[in-house]
Amino acid sequence: MQAGNNGGAKLKNDEFDNLYQKNINRRETETVIRRSIPVQRDLTGKILPNQVAYYEEIEREVTFGATHHILDKDNFDSYIYPTNFEVREYQFNIVQKSLYQNTLCAIPTGMGKTFIASTVMLNFFRWSKNGKIIFTAPTRPLVAQQIKACLGITGIPHDQAAILLDKSRKNREDIWTQKRVFFTTPQVIENDLKRGVLNPKDIICLVFDEAHRATGSYAYTNVVKFIDRFNSSYRILALTATPGTDIASVQEVVNNLNISNIEIRTEESMDIIRYMKKRYKEKIEIGLTTEIEMIIEQLGIAVKPVLQQAVELGIYDECHPSQINSFVAMQKSQQIIANPTIAEGIKWRNFFILQLLNHVGQMLKRIKIYGIRSFYGYFRNKFSEFTTKYNMGKSTNKIAASFYYHPILKILMKNCDVYTSNSSFIGHDKLQKIINELSDFFLNSRLDSRVIIFTELRESALEIVKTIDNMGSSSIRPHIFIGQARGKENFDDEGFIRKNKPKGRKKADRLKRLEEDKQKQLSKAKQKEQEKVERSSRRTGSSEEAQISGMNQKQQKEVISKFKNGDYNVLVCTSIGEEGLDIGEVDMIICFDTTGSPIKNIQRMGRTGRKRDGKILLLFSGNESRKFEKAMEDYYDLQRLIGQNFVEYKKSDRILPSNITPECRKEFIHISAENNELNNMEDSDEVIRYATQCMLGKVPKSKKSKAKAAKEPKGKSKTFFMPDNVETGIVSAIALVNKKKSNSNESETVIKTECFPNLDDIEKDMLASLSSPVKPEVDDYKDGTFQKTDRFEEKITGSNLKDMLMSFSKRDEESKVTSFSSDGNYVNEPFGNISLGEKLDINDDFASTPIVKADMNIGQYDRSLIENNSRGGVLFKNAFEKEEGLLKKSEKVYFRDHYSIDNTVVIEPIPNFKRYNKSCLINHNPQVENILNLFKGINENKTQITIEMNRSRCIARGIEKGSIQLTGSDFSLANVMVAQKNNEADIVWDTSKTNKNSHENLNELLDSDSDF
Amino acid sequence: MASEEDRSKIERDRLLAQLKGKLWYCIERQVNEETPFDTVCSAKFINALVELCYIQLVEMGKDLEMFSRHANRDVINNDDLKLLLRKVPQLQQLIFNDDSSTD
């Protein structure tokens, strides 16, 4: 019984651990150390309320048990490092570390991240027998790159590899179960984990490319979270060129991906610098042209009154009109809107002022960084939008009106119209610079040279394309490269006017309007068509087209492939070209503008200098150089911080047993012919297509062997992945509540179903367990019964006898006895208290179940017999049965004999003050000490105390009877006390008189009292 | 001298016994009054109460003596009792209101 309980408790603890940690081999122990800190007290030394008197230090220690993966012990002693390429020290170091702990590897672009990943994947492939190795990257080209590296460099057999890039692939279940190395996007993994197609416990190695994206709720984060619930024994390798913009974002990535180590190398790192291709970085500060400065001046004059008003209202900091910053204005306007304490009228006036400043800021930014064309496009749009609305009376914004209707803007617009109508006009010196650089570059460079120009704005990109095109050089062929979102349409003032002008209410008016609409739409479509035709006739037509409607994936691919072929050799990109596109080798990067984000800047620059030296041209104007320097400085600071252990890491499982340290085996890996084919492929789509075919077993050689495997039974039911030791299925609430009871029932039924045909043995057992005095009776009974029954099933073994007895309720037994007795055979047979019994099934002779009883206590037996006789046997028993509550019959009798109705309450003064109490060690004051001693004495039943007690009691009796007259004494103190007590007790007593008799009386009483 | 001391000790013991006996009587009566009719208290319980009261009373006596001595008096009077009961305003009121009414 005891052992069983202990076992139960232990199991519970295990269950608890499992519920708490939900992991396979991860154990987390938490130590809380409380340290007291000084608390504030009031003058009397009491601690003031609501204070915490301690602070807690929580130390968590994570340990890992043995992994659940089946490991290949033969390969433990070594790991392979391919020497197909030059062995680079930094790669070697990083590989070594990332084999044993989750690593975030941040090395500059083009420094062989994919190689590191492939090597780690190869070794986990060798070490485990069935663990799944997954590579994920956010874009197809990156996946293709990795496939090439994995199959082409490390020689992972192609029939073990699978590519899952699109959700449309049908037999993914089979692929997940059959293959071991996977190349996918994180979304596919997330999906398949949730669908239950991929078992998270099978995963042993997970590689994330572009890991800096693992923030927020990106699929990377979700995948890791999901797997963590089931699996704690898997390796994560995260690759990125830029771990984050600041230490907080790096920490987030580290937390999300369970990173325990960061390997960071910068372009200046000692071990990396000699492998870096040279990148000539040229920073060019470009001044503003006189035209631009003039426009800025004019804008300043126009906006000055508004700015002044804003400064006076305290909603914008004072500055020169040319320094208005749109971002600051926007932030402030949002603050104003969010502030509920400002009255509505004032709030919206302030908001409109800041909105105007925001627009002006945008204009200034555009003109400073991107030039007049970009500015004028934006300005015209805003201007026409406002003036139309204002003229229609839809807007009553006087503040904006004072700006847009400022006379100086008319001059400005006139000038700009002149500039922009001249197609050869160059809106910014940056463009001029680009023209110069490009023509220089293409004069003395090879034919396959490529240039990428980065800019943030689409309009600006188009302007650059047009400007380059205007050079008229056939060797420079530019194209725009942008994302797939549609371009914003400019404000349609005509449409707006028509929509909002007063409408006629008559039917004719309505018809007329509809007619007009139709005509308008027709003419518009015609115009568009015409424009399209015009555009296509120009060389930059497709770029213009793209700028308006965006580029879908197909168009993007086409442009990229043309760029690679050399149809285009200058690509003007927005931020889409910054990362993840396999654009190939680029010799020159021109950054038309800068961003405040170091990641973007680094990714832009990382497009070049991969296989041969490259050149980077940074064009700055306005405050851009400062912005750039700051961003880069921040980034180097960050790298320094990471190096100095400012990041808190998470502990990860080593997976390999800790006593094994594999040795490095540098090997040249021979690549199979199929895999080698990949090395010759350049295009990412081609790689993916080939690899996919390999996966599906369509490579000519292995075609037939794999064809059958594809026809596995389909329609597998969904699998739910559960943590270990989980009870599945539906359990009713009542089953949970009565768990203990149901168990005992179960054991009982087990006993019941057992049959014991061998009766004699059991009878003997029973007899042995009965006590001798009642043996004859039992024998009698048994004989009687046994003679009457031909056959009965014995249900209780001797060893289970006691258990069975316990489980029967008293009442049952009594009723059975009664019914048995009423049968007629044993009416006069008295049954006392039961202590042993036997349950018998008598098939034919008795409808009910009789019970054999034996009374151990002969004395009690006699008593019950007497009662039985006096009250009339069966009748009495039935009556008594109903009255019977908690007490046994014998107990009831005992009480009847020993207790009277008078003795209902008894109070015994035995408190023990010295037990279970820490304070017993502290000394009490004399008074309390006396009390304690008193009770101690009473507890121990000291004779002296008993005697004294009796004496006092006798005196009291004497006083009560009036036989004793108290004597006085000389002690004044005692007198006072007694006197006082006297008053209260209302007893008259003479203090002066001394009665010698009382003493004698007392002695008499003491002698006579025999009660105590 | 020795016999003198012995005598006073015996006298004292005798007195003590009588005091306790008196106390017993009072307490038992009080207990019987306070408790329901069918409650019976064992002798031990009464004894414990007696001893407790005795300790308390001795303590009280000592205090009263000190108070009177502090006031340069030889006789303990109502003022000392007032001082003793300074923390039990209800009791104080009960006793001294009665006093004033009787005075």
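Residues numbered from 1 in each chain as written. Chains lettered and ligands numbered in written order. Predicted model: local features only at pLDDT ≥ 70, side-chain atom pairs only at ≥ 80, totals over all residues. Heavy atoms only, no water.

(A) Region of the structure containing the overall build of chain A. Within chain A one finds 39 helices and 21 strands. Within chain A, the fraction of its 1012 residues that count as buried is 43%. Partitioning the intrachain contacts of chain A with sequence separation of at least 6 by distance along the chain shows that 75% fall at a separation of at least 24. Surface accessibility of chain A: about 56,100 Å² in total, with carbon and sulfur atoms responsible for 51%. (Helix = DSSP H or I, 4+ residues; strand = E, 2+ residues; numbered from the N terminus. Buried < 20%, exposed > 50% of the residue type's maximum accessible area, 1.4 Å probe, protein only. Contact = heavy atoms within 4.5 Å. Areas by Shrake-Rupley, 256 points an atom, 1.4 Å probe, with all protein chains shown as cover.)

(B) Representation of the pairing of strand E12 (residues 451-454) of chain A within the structure. Residues and elements named next belong to chain A. Across the two faces of E12 the burial is the same, with Val451 and Ile453 and Ile452 and Phe454 all buried. With 4 bridges connecting them, E12 and strand E14 (residues 570-573) associate as parallel partners. In the sheet register, Phe454 faces E14, and the bridge partner there is Cys573. Across 4 bridges, E12 lies against strand E15 (residues 588-591) in parallel orientation. Within E15, the position partnered with Val451 by the bridge is Met588. (Pairing = 2+ DSSP bridges.)

(C) Geometry of the packing of helix H10 (residues 290-313) of chain A against helix H12 (residues 344-370) of chain A. Residue and element names in this part refer to chain A. One way to put it is that H10 packs onto H12 with a least axis distance of 10 Å and a crossing angle of 160°. Relative to H12, H10 is oriented roughly antiparallel. Viewed along their axes, H10 and H12 form a crossing whose handedness is left-handed. Across from Ile292, Ile295, Ile296, Leu299, Val303, Val306, Leu307, Gln309, Ala310 and Leu313 in H10, the residues of H12 making contact are Arg349, Asn350, Ile353, Leu356, Leu357, Val360, Met363, Leu364, Ile367 and Lys368. Of the residues belonging to the contact of H10 with H12, the class tally is 16 nonpolar, 2 polar and 2 charged. (Axes fitted to C-alpha atoms, helices over the stretch in contact; angles between N-to-C directions. Parallel < 35°, antiparallel > 145°, perpendicular 65-115°, else oblique. Left-handed = near helix turned anticlockwise from the far one by under 90°. Nonpolar A, V, L, I, M, F, W, Y, C, P; charged D, E, K, R; others polar.)

(D) Layout of the packing of aromatic side chains. Evaluation of the coordinates by the stated rule reveals 21 aromatic pairs over all chains. Ring geometry for Phe124 of chain A versus Trp127 of chain A: centroids 5.5 Å apart, planes at 75°, classification edge-to-face. Remark: Trp127 of chain A and Phe124 of chain A occur in helix H3 (residues 113-127); sequence separation between them is 3 residues, near one turn of the helix. Exposure class is identical for Phe124 of chain A and Trp127 of chain A. Each is buried. Taken together through their ring pairs, the aromatic side chains of Phe375, Phe379, Phe383, Phe386, Tyr390, Phe403, Tyr404 and Tyr405 of chain A make up a single cluster. Stacked on the ring of Tyr54 of chain B, the Lys or Arg Lys20 of chain B has its end atom at 5.0 Å from the ring centre. (Phe/Tyr/Trp six-rings, centres within 6.5 Å; stacked < 30°, edge-to-face > 60°. Lys NZ or Arg CZ within 6 Å of the ring centre and 35° of its normal.)

(E) Summary view of the sheet that holds E15 of chain A. All names here are of chain A. If you walk across this open sheet you meet the 6 strands as E11-E16-E15-E12-E14-E13, and the pairing is parallel. Lying at the two open borders of the sheet, with one neighbouring strand each, are strand E11 (279-285) and strand E13 (478-481). With strand direction ignored, the average angle separating the axes of adjacent strands in the sheet is 20°. Packing against the sheet, helix H23 (residues 624-643) makes contact with E11 and strand E16 (614-620), and its axis sits at approximately 125° to E16.

(F) Representation of the pattern of salt bridges. Residues and elements named next belong to chain A. In the structure shown here, the tally under the stated rule is 27 salt bridges over all chains. Arg373 is the partner of Glu463 in a salt bridge, and the nearest nitrogen-oxygen pair spans 3.8 Å. Of this pair, Glu463 sits in helix H17 (residues 458-470) while Arg373 sits in helix H13 (residues 372-392), and the two are 90 residues apart along the sequence. On the basis of relative accessibility, which here comes to 24%, the residue Arg373 falls in the partly exposed class. Here Lys433 makes a salt bridge to Glu437, at a shortest N to O gap of 3.8 Å. (Salt bridge = Lys/Arg side-chain N within 4 Å of Asp/Glu carboxyl O.)

(G) The nonpolar core, seen in detail. Ranked by internal contacts, the top residues of the largest apolar core, which has 87 residues, are Leu257, Leu438 and Ile453 of chain A. Of all hydrophobic cores here, the second largest spans 52 residues; its members include Leu71, Ile94, Met111 and Val181 of chain A. (Core = buried A, V, L, I, M, F, W, Y, C linked by side-chain atoms within 4.5 Å.)

(H) Examining a nonpolar patch on the surface more closely. On the surface, Ile337, Trp348 and Phe352 of chain A cluster together into a nonpolar patch covering about 250 Å² of accessible area. Structurally, the position occupied by Trp348 of chain A is in helix H12. (Patch = residues over 30% accessible without salt bridge, like charges linked within 9 Å, V, L, I, M, F, W, Y side chains within 5 Å.)

(I) How the structure looks around the packing of helix H22 (residues 598-605) of chain A against H23 of chain A. Residues and elements named next belong to chain A. Axis separation between H22 and H23 bottoms out at 9 Å; the angle between their running directions is 95°. With respect to their mutual orientation, H22 and H23 come out roughly perpendicular. Note on element contacts: H23 touches H22 through Phe628, Ala631, Met632 and Tyr635, opposite Pro598, Asn601, Ile602 and Met605. A per-class count over the contact of H22 with H23 returns 7 nonpolar, 1 polar and no charged.

(J) How the structure looks around the confidence of the model for chain A. Residue and element names in this part refer to chain A. When pLDDT is averaged across chain A, the result is 70; 67% of the residues are at 70 or more. For chain A, per-element mean pLDDT is lowest for helix H26 (residues 703-707), which scores 37, and highest for strand E9 (residues 235-240), which scores 90. Within the model, the stretch residues 1-11 combines pLDDT values under 50 with 0 contacts to residues more than four positions away or in other chains. Below pLDDT 50 for its whole length, residues 699-716 participates in 15 contacts with residues either more than four positions away or in separate chains. (pLDDT = per-residue confidence, 0-100.)

(K) Representation of the sheet that holds strand E7 (residues 181-184) of chain A within the structure. Residues and elements named next belong to chain A. Reading across from one edge, E6-E7-E5-E8-E9-E4-E10 is the order of the 7 strands in this open sheet, with parallel pairing throughout. Two strands close off the open sheet at either side, each with one partner strand: strand E6 (161-164) and strand E10 (261-264). The sheet shows a mean angle of 15° between the axes of neighbouring strands, taken without regard to direction. Inspection of the sheet shows strand E4 (residues 103-106) paired to E9 by 4 bridges, in the parallel sense. Paired with Leu104 across the bridge in E9 is Ala238.

(L) Just the pairing of strand E8 (residues 203-208) of chain A, in detail. All names here are of chain A. Most of E8 is tucked away: 6 of the 6 residues are buried. Judged from the 5 bridges that link them, strand E5 (residues 132-136) and E8 form a sheet pairing that is parallel. Paired with Thr136 across the strands is Phe208, a residue of E8. The parallel pair E8 and E9 is bridged by helix H7 (residues 219-228), and the resulting crossover is right-handed. (Right-handed = clockwise from strand over helix to strand, strands pointing away.)

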